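Structural characterization, general
Read off the chains here:
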Amino acid sequence: MSDYKLLINGALVDGDSELDVINPATEEVLARAPRASKAQLDAAVAAAQAAFPGWRDTPIAERKAKLTEIADIIQANAVELGRLLTQEQGKPIGDATGEVYGASAFFRYFTMLDLPVKVLDDSEARKVEVHRRPLGVVGAIVPWNFPMILMAFKVPAALLAGNTMVLKPAPTTPLSTLKLAALIKDVLPPGVLNVIADGGELGAAMTAHPGIRKISYTGSTATGKKVMAGAADALKRITLELGGNDASIVLEGSDPKTVAPKIFAGAFQNSGQVCIAIKRAYVHDSIYDAMCEELAQLADAAVVGDGLEQGTQLGPIQNKTQYDRVMGLIESARADGKIIAGGERLDRKGYFIKPTIVRDITDGTRLVDEEQFGPVLPVIRYHDAEDALARANNSEYGLGGSIWSPDLDAAYDLATRMESGTVWVNKHADLAPNIPFGGAKGSGIGVELGEEGLAEFTQLQVINVAR
Ligand code: NAD
């Protein structure tokens, strides 16, 4: 019987079946996880529906107090949760613990927000107010690359707004979320937050579920399209945070020694399994060779290993399917460019791939055009910055991007014309809970975080009174 339980209607319960969770650093079974049946999903939705009126009518100050309590519990258990996160996800223990502390901070951030009534007209003729009402039951679907922080993009905002929830982590990384559910089970009234886990089949059922009013989904663009189609019938609200193929454009005059370590970090954090990782680097002809050399040296020096081992900088790929996909992309790059670092797996058990730098590759190849979501970076030569921008924008994706230059005006000008939800200048992947985050084009619909993200968990209601 699994040590981990589902949280349904305030009670910790076994799944109707179970599944193995694999540690990607060892390829061994880390734990058995409960696997909810469709009937258990229905029970979770029914519990969330029943809890909704009470939670909606709870004063916002009390809802904030509950979020603070959860933030405290996450913080107090960060070491244990971080260790579990490393074991199921693969990332180095320092990064995993940092992710858990980050989740706590995101809960705290939302306690500082409010949903004030906006008065549009207060005249002799009428009073017009705009209210933000909760939607009802929110279904939150989270991927396997950042189980804790991406959960914290959704849960505190949805709950603060007065919604109740069914939360589902990814099938390969359910444990830290289930552990958290057990830790906080008594904080909220029964049914306000339900946590289920599955083998990959309940996401579609949640999306189509008539009892769920909104789906907040983070994951691949391919699955995001299915979520949108599945939600159409009930005109369910959706927020989609999807894939990306972030380009960095390094302008003439940049110093390779200064910029390369930052590009490397932006591309290889979490072994490249980051939606906003740098996935294509366009580098000006004048510094192309030097940048390639610097990046290759950094890749050769990076310590790849089990995230629990001291000194590990890059962990394994989280699961076998993704590992096979990244190895396939590396094989394709062998023909399309020149591999100057990495290009192979580690000679040990676990889904380890050496950080890989590919040069002399260009657009129109799989590695440049597709989202690799792994530790391999194509470095593309360009001559003209406008041409580089056009190539960066020539993508179905538009999540993030960055421009690098000592000339801030030139960088800023290009940044304003990049077709992505976020553009950074001289940095990449700087997120904070008060900064709205979302994708352009095929990278998503809507935003999370910040006041704008909170608003997406509400229904706007106008009250217009005659006088
Ligand atoms: P995925 O789409 O395979 O799975 C994500 C989640 O969706 C899982 O919980 C899964 O069980 C669920 N799911 C599967 N089929 C479903 C369906 N038909 N309907 C609803 N849900 C379903 O994604 P993944 O491989 O776990 O994650 C990697 C992807 O996520 C990458 O493309 C990455 O760029 C993207 N991502 C985006 C962001 C962002 O904020 N934009 C953040 C992290 C990851």
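Residues numbered from 1 in each chain as written. Predicted model: local features only at pLDDT ≥ 70, side-chain atom pairs only at ≥ 80, totals over all residues. Heavy atoms only, no water.

What follows deals with the overall build of the protein. When its secondary structure is counted, the protein shows 15 helices and 20 strands. For the protein, the C-alpha radius of gyration of 23 Å lies close to 23 Å, the compact-globule estimate for 467 residues. A principal-axis box enclosing the C-alpha atoms of the protein has dimensions of 70 × 65 × 40 Å. Scored against the burial criterion, the 467 residues of the protein give a buried share of 58%. Within the protein, the 59 negative side-chain charges are centred at a point lying 5 Å from the centre of the 46 positive side-chain charges. (Helix = DSSP H or I, 4+ residues; strand = E, 2+ residues; numbered from the N terminus. Rg over C-alpha atoms; globule rule 2.2 N^0.38 Å. Buried < 20%, exposed > 50% of the residue type's maximum accessible area, 1.4 Å probe, protein only. Lys, Arg positive; Asp, Glu negative; His and termini not counted. Charge placed at Lys NZ, Arg CZ, Asp CG, Glu CD.)

Applying the stated criterion to the full structure yields 34 salt bridges. The shortest N-O distance in the salt bridge between Arg381 and Asp285 comes to 2.7 Å. Here Arg381, found in strand β16 (residues 376–382), pairs with Asp285, found in the loop between β13 (278–284) and α10 (288–301); they are 96 residues apart in sequence, far enough to count as distant. Its salt-bridge partner being Arg325, residue Glu370 comes within 3.4 Å of it at the nearest N-O pair. A residue pair is termed long-range when its members are at least 10 positions apart, and Glu370 in the loop between α12 (366–369) and β16 and Arg325 in helix α11 (residues 320–336) qualify at 45 residues. Under the relative-accessibility criterion, Arg325 is labelled partly exposed at 30%. (Salt bridge = Lys/Arg side-chain N within 4 Å of Asp/Glu carboxyl O.)

Our focus in this paragraph is the sheet that holds strand β6 (residues 126–134). Taken together, the three strands give an open sheet; going across it, the order is β5-β6-β20, and neighbouring strands pair in antiparallel fashion. The open sheet terminates on both sides in strands that have one partner only, identified here as β5 (118–122) and β20 (458–466). Pairwise comparison of adjacent strand axes, ignoring direction, gives a mean angle of 20° for this sheet. (Pairing = 2+ DSSP bridges. Axes fitted to C-alpha atoms, helices over the stretch in contact; angles between N-to-C directions.)

On to the sheet that holds strand β18 (residues 424–425). Read from one edge to the other, the open sheet built from seven strands follows the order β14-β15-β16-β13-β12-β17-β18, with strand pairing classed as mixed. This sheet does not close on itself; its edge strands, each paired only once, are β14 (338–341) and β18.

Turning our eyes to something else, we now look at helix α3 (residues 78–89). Here α3 contains twelve residues, and its C-alpha end-to-end distance of 15 Å stays within 8% of the 16 Å for a straight helix at 1.5 Å per residue. Where burial is concerned, most of α3 is hidden: nine out of the twelve residues are buried. Along α3, the residues classified as buried are Ala78, Leu81, Gly82, Leu84, Leu85, Thr86, Gln87, Glu88 and Gln89. The secondary structure elements touched by the buried residues of α3 are β3 (17–23), β4 (28–35), α2 (60–76), α4 (93–110), α5 (147–160) and α6 (175–184). Once α3 ends, the next one or two residues include Gly90, with phi positive near 110°. (Expected span 1.5 Å × (residues − 1). Contact = heavy atoms within 4.5 Å.)

Within the structure, the ligand sits among 29 residues, and Tyr217, Ser220, Thr223, Leu242 and Glu371 are positioned closest to it. With respect to the ligand, the backbone of Ala204 contributes an N or O atom lying 3.3 Å from a nitrogen atom. Here Thr223 contributes a side-chain N or O atom positioned 2.8 Å from an oxygen atom of the ligand. At the level of elements, α7 (202–208), β10 (214–218) and α8 (221–232) are the ones that each hand at least two residues to the shell around the ligand. (Near = heavy atom within 4 Å. Polar contact = N/O pair within 3.5 Å; in protein donor to acceptor, adjacent residues only side chain to side chain.)

What follows is about the packing of α3 against α4. Helix packing for two helices is described by the angle between their axes and how far apart those axes are. As a packed pair, α3 and α4 sit with axes 8 Å apart at the nearest point and diverge in direction by 125°. As the angle between them shows, α3 and α4 are arranged oblique. For the pair α3 and α4, the crossing hand works out as right-handed. Within the contact between the two elements, α3 uses Ala78, Val79, Leu81, Gly82, Arg83, Leu85 and Thr86 and α4 uses Ile93, Ala96, Thr97, Glu99, Val100 and Tyr101. In terms of residue class, the contact of α3 with α4 is built from eight nonpolar, three polar and two charged. (Parallel < 35°, antiparallel > 145°, perpendicular 65-115°, else oblique. Left-handed = near helix turned anticlockwise from the far one by under 90°. Nonpolar A, V, L, I, M, F, W, Y, C, P; charged D, E, K, R; others polar.)

Most often, soluble globular proteins keep nonpolar side chains buried together rather than apart. Grouped together as the largest cluster of nonpolar side chains are 86 residues, with contacts concentrated most on Phe107, Val166 and Ile196. Broken down by element, this core gets its largest block of residues, eleven residues, from α5. Discounting residues that sit within four places of it in the chain, Phe107 has contacts with Leu67, Ile70, Ala71, Ile74, Met151, Ala152, Val155 and Pro156. (Core = buried A, V, L, I, M, F, W, Y, C linked by side-chain atoms within 4.5 Å.)

Turning to α11, a few remarks are in order. For α11, which comprises 17 residues, the first-to-last C-alpha distance of 24 Å matches the rise-based estimate of 24 Å (1.5 Å per residue) to within 8%. Gln322, Tyr323, Val326, Met327, Leu329, Ile330, Ser332 and Ala333 are the residues of α11 that are buried. For α11, the N-terminal capping position is held by Asn319, with its side-chain oxygen 3.3 Å away from the main-chain nitrogen of Thr321.

Burial along strand β15 (residues 356–359) is two-sided: the face carrying Thr356 and Val358 and the face carrying Ile357 and Arg359 are both buried. Both β14 and β15 contribute to a ladder of three bridges, which runs antiparallel. Bridge pairing in β15 places Ala341 opposite Ile357. Taken together, the three bridges between β15 and β16 define a ladder with parallel strand orientation. Counterpart to Ile357 in the pairing with β16 is Leu377.

Another point: the side chain of Arg359. Relative to the assigned elements, Arg359 resides in strand β15. Here the side chain of Arg359 touches Asp289 through a polar contact of 2.9 Å, side chain to side chain. Ignoring sequence-local partners within four residues, the contact set of Arg359 consists of Tyr288, Asp289, Cys292, Gly337, Lys338, Ile340, Val379 and Arg381.

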